[in-house]
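Working through the structure, step by step
The residues making up each chain are set out below.
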Amino acid sequence: MKRRLLCVLVTVCLLMFSLQVVVLAADAPAKLPNVVILATGGTIAGSGATTTTTVGYTAATMPVDNLINGVPELKNVANVTGEQISQIASENMTNKVWLKLAKRVSELLASDNVDGIVITHGTDTIEETAYFLNLVVKSDKPVVVVGAMRPPTAMSADGAMNLYNSVILAGSKEAVGKGVLVCMNDVINGARDVTKTNTALLDTFRAPELGYLGYMQDSKPHFYKESTRRHTTNSEFDVTNMTELPRVDIVYGYENNTRVGLDAFVAAGAKGIVHAGVGDGSLFTEVKEGLIDAQKKGVVIVRSSRVGNGIIARNGEANDDQLHFVASDTLNAQKARILLMLALTKTSDPTEIQRMFWEY
Ligand code: SIN
């Protein structure tokens, strides 16, 4: 009888213990993702003289820890740490900073302790940095580049919400394998197609005719599409051991043009030229002659357009096959320049480089 009572007692105790474990497990907060913020500067880290200063402020004054501490809500959505990569306005972005950034991103993402990266950046060249990283980062984990159109000192500053959304996105499963993303103003853009479309408005970042990948709403990412082009782990470009990139310059198309600027770039040692032509990449006759001469010297010529949308038709406005030129597909001139720099780290064969322009 005594033994039976003891048995019942032990069983009851065990039951109560397991019930407690279940309750505790149910109450335990979900494990937060580990997100590293790499800060490079820009308006998101800037400061103005007054709350109404939205022009004429100073970009890149606030260190990364202040950015993180300025958004205490980040603690609810991720374990966030920060590193300062540079402290510059993004018009001063350089290949040197890019290479440092790319190496650090790949290094961090190789660790099991890092789930995603957010890069704070000035908006003027954010699209270029995002596309460069899209082509060279060796990881499927999320990389989100974020900026702000108003400094944190301004009324209705956009940086805090942009950073909050970007950290959520970088820690999300939904963003895995999507390539490098730009997240601002509640929208998610892909690095290849995003561009700045307005000098000052908060909704400046768009992929004009190809569209957003998704939205951030209610602290969650909502994706509707993804890029069909090669990126990150599916990219053939690797800058791990590089200390510099080949020189590529952009020549702009306009009425009454001359080859003076183009010839100066070639004389300065450009290995590639992107021509931002009028319309479908059309060439002013004197500039075309300059491009032909440059190509004969071994400079790789890519025809892009200043229009901002649409495909450059190969063998359309110039006989690319005959002239050994490359058509930029839908890449704008600043993105075509990045792909050409990376292409030139592999080859200077225009046929092979054209293949890359169709694939990336
Ligand atoms: C910059 O690009 O660093 C300045 C402008 C901005 O961040 O909006």
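For the structure, check the block above.
For the structure given in this document, a descriptive report is provided here. Position labels on residues start from 1 in each chain and follow its written sequence. Totals for whole chains, interfaces and linings use every residue, but because this is a predicted model, local features are given only for residues with pLDDT of at least 70 and side-chain atom pairs only at 80 or more, for both listing and counting. The side-chain figures draw on all heavy atoms in the structure; neither hydrogens nor water molecules are used.

A water-sized probe, rolled over the atoms, reveals where empty space remains. The computed volume of the largest pocket comes to approximately 400 Å³. Whether a set of points on the 1 Å grid over the protein atoms alone is a cavity depends on a 1.4 Å probe fitting there but being unable to get out, while an open set qualifies as a pocket with protein on both sides within 12 Å along at least five of seven lines; lining residues are those with an atom within 4 Å of a point. Along its surface, the largest pocket is lined by 24 residues, and Thr195, Gly308, Asn309, Thr330 and Asn332 are the ones closest to its centre. Taken together, the elements giving at least two residues each to the lining of the largest pocket come down to strand S7 (195-196), strand S11 (248-252) and helix H10 (333-344). To qualify as a helix, a DSSP run of H or I must reach at least 4 residues; to qualify as a strand, a run of E must reach at least 2; elements of each kind are numbered from the N terminus. The biggest single contributor to the lining of the largest pocket is H10, with three residues. Where each domain starts and ends follows an automatic or database-derived domain assignment. Mapped onto the domain boundaries, the lining of the largest pocket takes at least three residues apiece from domain 1 (34-234) and domain 2 (248-359). Grid points are joined across faces, edges and corners, and a volume is the space filled by probe spheres set on the points. Of the volumes computed, that of the second largest pocket is approximately 330 Å³.

Another point: the packing of helix H4 (residues 95-109) against helix H5 (residues 126-136). Angles here are taken between N-to-C directions and fall from 0 to 180 degrees, while the axes themselves are lines fitted to C-alpha atoms, restricted in helices to the stretch in contact. Two elements in contact, H4 and H5, have axes separated by 10 Å at closest approach and are oriented at 50°. With respect to their mutual orientation, H4 and H5 come out oblique. Crossing angle aside, the handedness with which H4 passes H5 is right-handed. Contact with H4, carried on its side by Trp98, Leu99, Leu101, Ala102 and Ser106, involves Glu128, Thr129, Phe132, Leu133 and Val136 of H5 and no other residues of that element. Three residue categories are used. Nonpolar comprises Ala, Val, Leu, Ile, Met, Phe, Trp, Tyr, Cys and Pro, charged comprises Asp, Glu, Lys and Arg, and polar comprises the others, including Gly. In terms of residue class, the contact of H4 with H5 is made up of seven nonpolar, two polar and one charged. In these notes the angle categories are as follows: under 35 degrees is roughly parallel, over 145 is roughly antiparallel, 65 to 115 is roughly perpendicular, and the rest is oblique. The sense of a crossing depends on the near helix, which, turned anticlockwise from the far helix by less than a right angle, makes the crossing left-handed and, turned clockwise, makes it right-handed. Contacts: residue pairs with any heavy atoms within 4.5 Å of one another.

Further remarks concern the packing of H10 against helix H11 (residues 350-359). Each pair of packed helices can be described by the angle between their axes along with the distance between the axes. Direction vectors running N to C along H10 and H11 enclose 135°, while the axes themselves pass 10 Å from each other. Regarding the angle of H10 to H11, the classification is oblique. In terms of crossing hand, the pair formed by H10 and H11 is right-handed. Contact residues: Ala336, Leu339, Leu340, Ala343 and Leu344 in H10; Ile353, Met356 and Phe357 in H11. The residue makeup of the contact of H10 with H11, split by class, is eight nonpolar, no polar and no charged.

Below, the discussion takes up the sheet that holds strand S1 (residues 34-41). Here, any two strands with at least 2 DSSP bridges between them count as paired. Sheet architecture is open: eight strands sit in the order S2-S1-S3-S4-S5-S6-S9-S10, paired in mixed fashion. A strand with exactly one partner marks an edge of an open sheet, and here the two such strands are strand S2 (79-88) and strand S10 (220-223). This sheet shows a mean twist of 25° between the axes of neighbouring strands, independent of strand direction. Alignment of strand S9 (residues 214-217) against S10, held across four bridges, turns out to be antiparallel. Each residue of the ladder has a partner; that of Tyr215, found in S10, is His222. Packing of helix H6 (residues 159-170) onto the sheet brings it into contact with S1, S2, strand S3 (116-120), strand S4 (143-146), strand S5 (181-184), strand S6 (187-190), S9 and S10, and relative to S3 it is tilted by some 155°.

Another aspect to go through is the sheet that holds S11. Overall, parallel pairing links the four strands, which are arranged S11-S12-S13-S14 in an open sheet. Because the sheet does not close on itself, it has two edges, and the strands there are S11 and strand S14 (326-327). With two bridges joining them, strand S13 (residues 300-305) and S14 adopt parallel strand pairing. Opposite Val302, over in S14, you have Val326 as the bridge partner. Here helix H7 (residues 260-267) sits on the sheet in contact with S11 and strand S12 (272-277), set at roughly 175° to S11.

Another point: the environment of Trp358. Here Trp358 shows up in helix H11. Residue exposure (1.4 Å probe, protein chains only): buried if accessible area is under 20% of the type maximum, exposed if over 50%, otherwise partly exposed. What makes Trp358 partly exposed here is its relative accessible area of 38%. Taking the C-alpha atoms as reference points, Trp358 and Met62, separated by 296 residues in sequence, lie 40 Å from one another. Not counting residues up to four positions away in its chain, the partners in contact with Trp358 are Arg229, Ile312, Arg314 and Asp329.

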